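Chain and residue survey
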Amino acid sequence: MNSDTMLTVDKLEVVYKRAITAVQGISLSVARGQIVAVIGTNGAGKSTTLRAISGFIGIDDARVTDGSVTFKGQRIDNRPPHTIARLGIALVPEREKVFPNLSIAENLAAPVAARASRSERRRREELVYHFFPRLAELRARIGGLLSGGERQMLAIGSALVCHPELLLIDELSLGLAPVVVEGLMERLVQIRRELDITILLVEQSASVALAISDYGYVLENGRVVLDGDAARLKDHPEIKEFYLGQARAGDRRSYAEIKQYRRSRRWYG
Ligand SMILES: Nc1ncnc2c1ncn2[C@@H]1O[C@H](COP(=O)(O)OP(=O)(O)OP(=O)(O)O)[C@@H](O)[C@H]1O
Ligand SMILES: [Mg+2]
């Protein structure tokens, strides 16, 4: 393990309701300061992995049944979410990202510890407005009335006010116009640069995620099937074909052929 390693997920297995194995031996690592992408299609186990790291799987009656999650040298698997949050991990969840009946300002105040002073709350709120000036303009508007893009900004903001060292982000691009997604991704790069925050990003959209990432993992059926430097993953034929939709007509290999190819040649970037 590299001394810069912030997060290590080792042979992680997650089982829902003592019956459904959603993640079957995933290993990945994130170094301090990196942006790392986890990509994969529906049901691959992306959200489960992020929720296992952040401790939220317990809410869905799921448990880490094998393997481990280590954050800054400390085992955190199956710890409750508030403990993990205190250690410096914040999750921007896939669903229920904001409180729909609270204003933007109230949404940003909610995650901050009750003992924080008024000026401290204000400082944290202003930090979010620095990255997302649009939220400052709308600060009295309730979460439920925001556009999809504004809602994502608020969800990221709600994580930032917790001052995380590691930000876990689940599907930022879902349902948003490409230009909106591009803006959000640029903001993540700025956040990493200015706040020195490490980011683990889950996306169905490989092109979006790999464009800003240093390293990527591809998940399928609860397993890592490919991993490598983001720049090299983008050029990988399988990624192009299945995740970037760049296959030429008439040049499409069958899924079974691809599977065979995959079995015969695990690809390291
Ligand atoms: N609360 C739950 N109870 C039981 N099974 C679940 C639950 N949540 C997810 N699963 C199962 O775990 C597997 C992985 O789901 P997960 O949500 O992690 O996938 P994902 O990669 O995030 O997919 P998507 O891109 O659709 O969000 C799926 O087979 C799913 O049906
Ligand atoms: Mg998901």
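So, here's what we can say about the structure. (Residues numbered from 1 in each chain as written. Chains lettered and ligands numbered in written order. Predicted model: local features only at pLDDT ≥ 70, side-chain atom pairs only at ≥ 80, totals over all residues. Heavy atoms only, no water.)

In this section: the packing of aromatic side chains. Aromatic ring pairs: the centre-centre distance and the angle between the two ring planes describe each pair. All chains considered together, the criterion is met by 1 aromatic pair. With a centroid separation of 5.2 Å and an interplanar angle of 55°, the aromatic rings of Tyr215 and Tyr217 are classed as tilted. Exposure remark for Tyr215: the relative accessible area of 19% places this residue in the buried category. Judged by its relative accessible area of 6%, Tyr217 falls in the buried class. (Phe/Tyr/Trp six-rings, centres within 6.5 Å; stacked < 30°, edge-to-face > 60°. Buried < 20%, exposed > 50% of the residue type's maximum accessible area, 1.4 Å probe, protein only.)

Bringing the nonpolar core into the picture now. Core analysis: the biggest nonpolar cluster contains 47 residues, and Phe132, Leu167 and Leu188 have the highest contact counts within it. Among the elements that line this core, the one with the most residues is helix H6 (residues 148-160), at 6 residues. What Phe132 contacts, discounting residues up to four positions off in sequence, is Met153, Ile156, Leu184, Arg187 and Ile191. Listed in part, the 34 residues of the second largest apolar core include Ile26, Ala62, Phe71 and Val202. (Core = buried A, V, L, I, M, F, W, Y, C linked by side-chain atoms within 4.5 Å. Helix = DSSP H or I, 4+ residues; strand = E, 2+ residues; numbered from the N terminus. Contact = heavy atoms within 4.5 Å.)

The next point concerns the pairing of strand S8 (residues 198-203). Extensive coverage of S8 is indicated by the burial of 6 of its 6 residues. Direction of pairing for strand S3 (residues 35-39) relative to S8: parallel, over a ladder of 5 bridges. Following the sheet pairing, Ile35 is matched in S8 by Ile199. By the bridge criterion, 5 bridges tie strand S7 (residues 166-170) to S8 in an arrangement that is parallel. (Pairing = 2+ DSSP bridges.)

Looking at the magnesium ion (ligand 2), the protein donor atoms are Ser47 (OG), Glu94 (OE) and Glu94 (OE), and they sit 2.0 to 2.8 Å from it. Of this pair, Ser47 sits in helix H1 (residues 46-54) while Glu94 sits in the loop between strand S6 (89-92) and helix H3 (104-109), and the two are 47 residues apart along the sequence. A relative accessible area of 17% places Ser47 in the buried class. Relative accessible area serves as the criterion here: at 24%, Glu94 is assigned to the partly exposed category. (Donors = N, O, S within 2.8 Å, 3.2 Å for Na, K, Ca; no water.)

Here we take up the sheet that holds strand S2 (residues 20-31). If you trace the 4 strands from one edge of the open sheet to the other, you get S2-S1-S4-S5, paired in antiparallel fashion. On the outer flanks of this sheet lie S2 and strand S5 (74-75), each paired with one strand and no other. Packed onto the sheet, H1 meets strand S1 (5-16), S2 and strand S4 (62-71) and runs at close to 115° relative to S1. (Axes fitted to C-alpha atoms, helices over the stretch in contact; angles between N-to-C directions.)

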